[in-house]
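# Topology and contacts: notes
Single-letter residue listing:
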Amino acid sequence: MKQYLVKPDTKVNLAKVDPDDTGDFKGGKEKGLTEIEKLNSKLESLQELLFAEHKHKVLIVLQAMDTGGKDGAIRRVFDGVNPAGVRVASFKAPTPEELDHDYLWRIHRQAPGKGEMVIFNRSHYEDVLVVRVHNLVPPEVWKKRFDQINEFERILAESGTTILKFYLHIDRDEQKERLQARLDDPTKRWKFRLGDLEERKLWDDYMKAYEDVLGKTSADYAPWYIVPANRKWYRDLVISSVLVETLEGLKMKYPAPEENLDGVVVE
Ligand code: AMP
Ligand code: MG
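Structure report, in brief. (Residues numbered from 1 in each chain as written. Chains lettered and ligands numbered in written order. Predicted model: local features only at pLDDT ≥ 70, side-chain atom pairs only at ≥ 80, totals over all residues. Heavy atoms only, no water.)

A word on the overall build of the chain. For the chain, the helix and strand inventory stands at eleven helices and five strands. Taken over C-alpha atoms, the radius of gyration comes to 20 Å for the chain, in line with the 18 Å a tight globule of 267 residues would show. Dimensions of the chain, computed from the C-alpha atoms along their principal axes, are close to 70 × 45 × 40 Å. Within the span of the chain, comprising 267 residues, buried residues form 48% of the whole. Considering only residue pairs separated by 6 or more positions, the chain has 82% of its internal contacts joining residues 24 or more positions apart. In the chain, 43 positive and 47 negative side-chain charges are present, and the distance between their average locations comes to 4 Å. (Helix = DSSP H or I, 4+ residues; strand = E, 2+ residues; numbered from the N terminus. Rg over C-alpha atoms; globule rule 2.2 N^0.38 Å. Buried < 20%, exposed > 50% of the residue type's maximum accessible area, 1.4 Å probe, protein only. Contact = heavy atoms within 4.5 Å. Lys, Arg positive; Asp, Glu negative; His and termini not counted. Charge placed at Lys NZ, Arg CZ, Asp CG, Glu CD.)

So this is what it looks like as structure tokens:
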């Protein structure tokens, strides 16, 4: 999955990244789903270990355009993990209280503690995406945020947080289909807002903003992955693979019991 990793300080051109890509995975959807199931049970064990060891903290950031598949990916990739140790934090337009503070205030308090895995559904990156595209703060304010975000994430990383960031990459045509599907399906309509159509008109501005985010804030301690996301199964496969591989790399161990239990028998 290394081909989706964004190297630090690069110029990203999203037009050159194929959202239909399925890499060198030859099996197609059916085999992909089988593979995801295997990764899923690995993730279950790894998450149990993370919780038991109570040492590492894991932060997963998901960003995407509307209908990009953040909710779907969370449902699929984390299917079956123990909710006691996994949490989703969703970031919407800031509340008045949140706006009274700096933009990282609401973010930092949701960061994972030891043994915990937290998934950010949107994140502090909205503060250089929607905020930039809609001129919610002047350029001299949001431009400083790339460095600020890098430093913030460095603090988390140097305090034992493993950070993984995924941008789910769909194209404009795929979004059209998915928005239309939301309109047509009574069980999906609740997700549709007329404002989504206004946002869609700003597609190119968003792509430019995403290119800056990906190019300026990918670091070895907090890498971005550009995930081809037109095909949902491949999107989930990429995220699962990266996550499992990263957690395996932590070489976690079950803690030893606090007392010597040799020879202890339960009567
Ligand atoms: P949804 O993910 O569809 O529930 O939508 C959440 C909305 O909140 C999106 O339109 C985001 O752009 C918006 N949002 C999230 N964070 C911010 C932020 N920091 N400033 C302004 N809008 C935001
Ligand atoms: Mg929405």
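A few words now on the packing of aromatic side chains. Scanning all chains against the criterion turns up eight aromatic pairs. Seen in terms of ring centroids, Tyr125 and Trp224 are 4.9 Å apart; in terms of plane orientation they differ by 65 degrees. Their pairing is edge-to-face. One end of the pair, Tyr125, is in the loop between β3 (117–121) and α5 (130–133); the other, Trp224, is in strand β5 (residues 224–228), and 99 residues separate them in sequence. Residues Tyr125 and Trp224 agree in their burial class; the two are buried. Ring pairing ties together the aromatic residues Tyr4, Phe25, Trp233 and Tyr234, which thus form one cluster. Directly above the ring of Trp105 sits Arg109, whose terminal nitrogen or CZ lies 4.4 Å from the centroid. Over the ring of Phe146 we find Lys216, and its NZ or CZ is 5.6 Å from the ring centre. (Phe/Tyr/Trp six-rings, centres within 6.5 Å; stacked < 30°, edge-to-face > 60°. Lys NZ or Arg CZ within 6 Å of the ring centre and 35° of its normal.)

In the vicinity of ligand 1, the contacting residues are Phe91, Lys92, Ala93, Pro94, Arg106, Arg122, Glu126, Asp127, Val130, Val131 and Leu136. At a separation of 3.2 Å, a nitrogen atom of ligand 1 approaches a polar side-chain atom of Arg106. A distance of 2.6 Å separates an oxygen atom of ligand 1 from a polar atom in the side chain of Arg122. Burial of ligand 1 by the protein amounts to 75% of the accessible area it has alone, namely 500 Å². (Near = heavy atom within 4 Å. Polar contact = N/O pair within 3.5 Å; in protein donor to acceptor, adjacent residues only side chain to side chain. Areas by Shrake-Rupley, 256 points an atom, 1.4 Å probe, with all protein chains shown as cover.)

A separate point is the nonpolar core. Counting residues in each nonpolar core, the largest one holds 75 residues, and the members touching the most others are Leu43, Ile60, Phe78, Met117, Phe166, Tyr167 and Leu247. Considering every element that reaches this core, the biggest residue donor is helix α11 (residues 232–248), with nine residues. Setting aside residues up to four positions removed in sequence, Ile60 forms contacts with Phe78, Met117, Val118, Ile119, Phe120, Leu164, Phe166 and Leu243. (Core = buried A, V, L, I, M, F, W, Y, C linked by side-chain atoms within 4.5 Å.)

Take the side chain of Asn230 next. With respect to the helices and strands, the residue Asn230 is situated in the loop between β5 and α11. For Asn230, the side chain forms a polar contact with the side chain of Asp20, separated by 3.3 Å. Filtering out sequence-adjacent residues up to four positions away, Asn230 remains in contact with Pro19, Asp20, His169, Ile170, Asp171, Glu174 and Arg178.

This next bit is on a positive patch on the surface. Residues Lys29, Arg75, Arg76, Lys188 and Lys232 make up a contiguous surface patch of positive charge. Checked against the element boundaries, Arg76 lands in helix α2 (residues 70–77). (Patch = residues over 30% accessible without salt bridge, like charges linked within 9 Å, V, L, I, M, F, W, Y side chains within 5 Å. Salt bridge = Lys/Arg side-chain N within 4 Å of Asp/Glu carboxyl O.)

A word on α2. Those residues of α2 not exposed but buried are Lys70, Gly72, Ala73, Ile74 and Val77. Against α1 (28–53), β1 (57–64), β2 (86–90), β3, β4 (161–169) and α11 lie the buried residues of α2.

Two numbers describe how α1 lies on α11: the axes approach to 9 Å, and their chain directions differ by 30 degrees. Classified by the angle between their axes, α1 and α11 sit roughly parallel to one another. Pair α1 / α11 crosses with left-handed handedness. Note on element contacts: α11 touches α1 through Trp233, Asp236, Leu237, Ser240, Ser241, Leu243, Val244, Leu247 and Glu248, opposite Gly28, Lys29, Gly32, Leu33, Glu35, Ile36, Leu39, Lys42, Leu43 and Leu46. (Axes fitted to C-alpha atoms, helices over the stretch in contact; angles between N-to-C directions. Parallel < 35°, antiparallel > 145°, perpendicular 65-115°, else oblique. Left-handed = near helix turned anticlockwise from the far one by under 90°.)

Strand order in the open sheet formed by five strands is β2-β3-β1-β4-β5, with parallel pairing between adjacent strands. With partners counted over all chains shown, the strands left at the sheet margins are β2 and β5, one partner each. Strand after strand, the sheet turns through a mean of 20 degrees between neighbouring axes, direction not considered. Direction of pairing for β1 relative to β3: parallel, over a ladder of five bridges. Its bridge partner being in β3, Leu59 is matched across the sheet by Val118. Lying over the sheet, α11 contacts β1, β3, β4 and β5, oriented at roughly 165 degrees with respect to β4. (Pairing = 2+ DSSP bridges.)

With that out of the way, let us pick up the side chain of Ser241. Checked against the element boundaries, Ser241 lands in helix α11. At a separation of 2.7 Å, a polar atom in the side chain of Ser241 contacts the main-chain carbonyl oxygen of Leu237.

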